[in-house]
Every structure is written in C-alpha cells, then in structure tokens.
Amino acid sequence: MQIVLMGAPGSGKGTQAQRLVEHFKIPQVSTGDLLRAAVERGTEYGLRAKAVMESGALVSDEIVLGIIRERLGEADAARGFILDGFPRNIAQAQALETLLSTLRRPIDVVVQFDVDYAEIVKRISGRRTCQTCGRVFNIYTAPAGTAPHCDRCSDKPSLVQRKDDEEATVRKRLEVYEKQTRPLLKFYQERGLLRTIDAQQGVDEVSAQLFKLLDSVPAAARLRSAR
Ligand SMILES: [Zn+2]
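Residues numbered from 1 in each chain as written. Predicted model: local features only at pLDDT ≥ 70, side-chain atom pairs only at ≥ 80, totals over all residues. Heavy atoms only, no water.

Asker: Report on the pattern of salt bridges, specifying residues and quantitative values.
Answerer: Taken as a whole and assessed by the stated rule, the structure comprises 17 salt bridges. The closest approach of N and O atoms between arginine 19 and aspartate 204, which form a salt bridge, is 2.9 Å. Of this pair, arginine 19 sits in helix α1 (residues 13-24) while aspartate 204 sits in helix α8 (residues 203-215), and the two are 185 residues apart along the sequence. Given the relative accessible area of 29%, arginine 19 is considered partly exposed. Among the salt bridges present, the one from glutamate 97 reaches arginine 191, with a minimum N-O distance of 2.5 Å. You can see glutamate 97 sitting in helix α5 (residues 90-102) and its partner arginine 191 sitting in the loop between α7 (167-190) and β8 (194-198), a full 94 residues away along the chain. A network of salt bridges, in which partner residues are shared, links Arg41, Arg71, Glu74 and Asp76. (Salt bridge = Lys/Arg side-chain N within 4 Å of Asp/Glu carboxyl O. Helix = DSSP H or I, 4+ residues; strand = E, 2+ residues; numbered from the N terminus. Buried < 20%, exposed > 50% of the residue type's maximum accessible area, 1.4 Å probe, protein only.)

Listed below in structure tokens is the structure:
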C-alpha cells in the first residue's frame, strides 16, 4: 500500500504517520531523514547529494527521486510505504508518478490533513522548548492552571520559543505551503486519489478517521489479510 500524506506544517501528520508505521508495518519515507541517511551511508545518490550540498546548492528533484527509489528498493518497503513531506510541488508529483509507474507501485491514496490555518498558528506559536533537555511544551494545550514542569531538569526548565515556532515564521511557512502545495490537491483529485480528513480534532479522533478512511481503500484490506 502506497500512501501519501499531505498537510501544512503543524497539521499533526507526523504523529499520525508514526501510528500508520506501527499498524501497517510499512516505513515512513520522509525526504529530510532519507537524505541524511543516504549521505551517511554513502549510497550512489547520497554521495551526489553530499557533493551538491557541500557546494552550497539545493539538492535537485532528480537526486531526491533517486534516493526515494533506493529506499523503496529495501526489504521493509516491499509491502508499501508512507510518503511524508514529498512531493511538495507539481513537478515533483509528476516525477514521482513516473517513478512509481516504472516500479509498478502506484499511489493508492493521498490523505490531506485539513486544519484551519489560524489553529496551526496557535498550535505552533504556543510551543516552548526547554533549553536544557530539548523537551517541547505547549502553553495552549497544557492543562489549565499548571505551570510548565520539566521533570528531566529537576523542575527548572528554561523555556524558550524557537525561531521556527515564532508566529511570523509560521505564517511564512503556511504561505509557502499554500502557494506550492495546494495545487497538488487538485492534481491528486483529478486522479481520484485525494481523500480529506478533519485534522482539527484530537490526536486519537484523527487516528480513528484515518484508519476508517484507509479501510475503504482496497489495498489496505489486502495488506491486512496478508499479515
Ligand atoms: Zn528540561
């Protein structure tokens, strides 16, 4: 089963991807992690990516696709994979479609995590990171009346807001997402692959929706009966 997850930063798709990994026993293919791993392991495309990055340039789609191809050839991806954070634009989606068609492993479903942007800004700008241990808190979702409490740091957390979590940065990232990734929704809709879930709810409610949706995708049923 080949699943693509799409959602703005802060939509919670990373957490749900982890649950899918555990449930279906198929890997999450996240391009940032893949790139780092390929460079470390010195694969063919990893070495090419390393050379490009050392020259200060951006890694091309061709190299990213090459790394994805290498990853999909590994044993744990034989029954499927979850793509997270790729494709990000139409050119990448077209290249991915060509690659997966060559591999005879077309995408089964694209799940869009729909969440209100105002809610995302609130979620992310509420994050506070403990400078001592790196633990992340949220001033909006913490139980009411409780002060942030970091038991790893003898209860003396030194909480800061990371630059990435500042409201202006979040708004900028959402703008980029809107501009580059939104057109992808239409691309997948035209292919009959797009499904949407309401990611505004709690983590467990979102999981329930996601598993129910995947149940209706024929490939998921096949995957389960093969287990
Ligand atoms: Zn701490």
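Asker: Describe the packing of aromatic side chains, listing the residues and the values that go with them.
Answerer: The full count for this structure, using the stated rule, is two aromatic pairs. An angle of 40 degrees between the planes, with centres 6.2 Å apart, marks the rings of phenylalanine 24 and phenylalanine 211 as tilted. With phenylalanine 24 in helix α1 and phenylalanine 211 in helix α8, this pair connects stretches of sequence that are 187 residues apart. Look at phenylalanine 24 and you get buried, because its relative accessible area is 1%. For the pair phenylalanine 187 and tyrosine 188, a centre-to-centre distance of 5.0 Å together with 90 degrees between the ring planes defines the contact as edge-to-face. When its relative accessible area of 2% is taken as the criterion, tyrosine 188 is described as buried. (Phe/Tyr/Trp six-rings, centres within 6.5 Å; stacked < 30°, edge-to-face > 60°.)

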